[in-house]
Amino acid sequence: MATTSELLTANLHDVFGNRDTESRRAAIERTFAPDVAFVDPDETVTGWDALEAKAAALLDGAPGAFQFVEEGRRYVSASHGALAWGFGPVGDPQVRGVDVIEVRDGVIARLTTILAEAQQS
């Protein structure tokens, strides 16, 4: 059974940071409950297929040099975890956010992504 910290890693790198569709799908099925709820600023979707579609759309719409990088500490308990990240070229993230996961039976049951506000110049 995966720890909360391991699930945070799998979510960011093996799923949302993975451009290979076959290994991404395998990671989704290992990491998430079949009825996972994914909440982001645009919508809430449910299930493996919907989560996979969200990850694919994000990666397909981003330049190849974009990747996810962990930013800061992990916050974990037996049932919840949070991890801040940046997405963009290495050293120049274009988007920043925090993923908050709820763990049930060793997998992610709910993933909430919170995006950083755009900085004013």
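See the structure above.
Heads up: these notes are all about the structure in this document. (Residues numbered from 1 in each chain as written. Predicted model: local features only at pLDDT ≥ 70, side-chain atom pairs only at ≥ 80, totals over all residues. Heavy atoms only, no water.)

### Remarks on the overall build of the protein chain
Then, in step 1: Across its full length, the protein chain holds three helices and six strands.
Then, in step 2: When the helices and strands of the protein chain are listed from N to C terminus, the series reads α-α-β-β-α-β-β-β-β.
Then, in step 3: Its C-alpha atoms give the protein chain a radius of gyration of 14 Å, near enough to 14 Å, the size a compact globule of 121 residues would have.
Then, in step 4: Taking the principal axes of the C-alpha coordinates as reference, the protein chain spans close to 45 × 30 × 25 Å.
Then, in step 5: In the protein chain, which comprises 121 residues, the share counted as buried stands at 40%.
Then, in step 6: Surface exposure of the protein chain reaches about 6800 Å², of which carbon and sulfur atoms provide 51%.
Then, in step 7: Put simply, the protein chain has 10 plus and 19 minus side-chain charges, and the middle of one group is 3 Å from the middle of the other. (Helix = DSSP H or I, 4+ residues; strand = E, 2+ residues; numbered from the N terminus. Rg over C-alpha atoms; globule rule 2.2 N^0.38 Å. Buried < 20%, exposed > 50% of the residue type's maximum accessible area, 1.4 Å probe, protein only. Areas by Shrake-Rupley, 256 points an atom, 1.4 Å probe, with all protein chains shown as cover. Lys, Arg positive; Asp, Glu negative; His and termini not counted. Charge placed at Lys NZ, Arg CZ, Asp CG, Glu CD.)

### What about the pairing of strand β3 (residues 67–76)?
Side chains on a regular strand alternate between the two faces of the sheet.
Then, in step 1: In terms of strand pairing, β3 meets strand β4 (residues 80–88) through seven bridges, oriented antiparallel. Bridge pairing links phenylalanine 68 to phenylalanine 87 in β4.
Then, in step 2: Adjacent in sequence and paired antiparallel, β3 and β4 are bridged by three residues. (Pairing = 2+ DSSP bridges.)

### Notes on the sheet that holds β4
Then, in step 1: Spatial ordering of the open sheet is given by β2-β1-β6-β5-β4-β3, a layout of six strands whose pairing is mixed. The open sheet has two edge strands, β2 (44–46) and β3, and neither has a second partner. Each strand of the sheet is rotated relative to its neighbour by a mean of 20°, with strand direction disregarded.
Then, in step 2: Here helix α1 (residues 4–16) sits on the sheet and contacts β1 (32–39), β3, β4, β5 (95–104) and β6 (107–115); the angle it forms with β3, its principal contact strand, is near 165°.
Then, in step 3: Set on the sheet, helix α2 (residues 21–31) makes contact with β1 and β6; between it and β1 the angle comes to about 100°. (Axes fitted to C-alpha atoms, helices over the stretch in contact; angles between N-to-C directions. Contact = heavy atoms within 4.5 Å.)

### A few points about the nonpolar core
Then, in step 1: Val15, Phe16, Phe32, Leu51, Phe87, Ile101 and Leu111 are the most contacted members of the largest nonpolar core, which totals 24 residues.
Then, in step 2: Where this core is concerned, the elements lending two or more residues are α1, α2, β1, α3 (48–60), β4, β5 and β6.
Then, in step 3: Residue contributions to this core peak at five residues, all from α1.
Then, in step 4: Beyond its immediate chain neighbours, meaning those up to four positions away, phenylalanine 87 contacts Leu58, Leu59, Ala62, Phe66, Gln67, Phe68, Pro93, Gln94 and Val95. (Core = buried A, V, L, I, M, F, W, Y, C linked by side-chain atoms within 4.5 Å.)

### Re α2
Then, in step 1: Looking only at α2, the buried set comprises Arg24, Arg25, Ala27, Ile28 and Thr31. Buried residues of α2, seen end-on, are gathered within an arc of 160° and therefore sit on one face of the element. Turned more than 90 degrees from where α2 packs its buried face, Glu22 and Arg30 sit exposed.
Then, in step 2: Of the surrounding secondary structure, the elements contacted by the buried residues of α2 are α1, β1, α3 and β6. (Arc of directions from axis to C-beta.)

### Re the packing of α2 against α3
Then, in step 1: Between α2 and α3, whose axes approach to 10 Å, the crossing angle comes to 140°. Taken as axis vectors, α2 and α3 run oblique relative to one another. As for how α2 packs across α3, the hand of that crossing is right-handed. Along the contact surface, α2 presents Thr21, Arg24, Arg25, Ile28 and Glu29, while α3 presents Trp48, Asp49, Leu51, Glu52, Ala55, Ala56 and Leu59. (Parallel < 35°, antiparallel > 145°, perpendicular 65-115°, else oblique. Left-handed = near helix turned anticlockwise from the far one by under 90°.)

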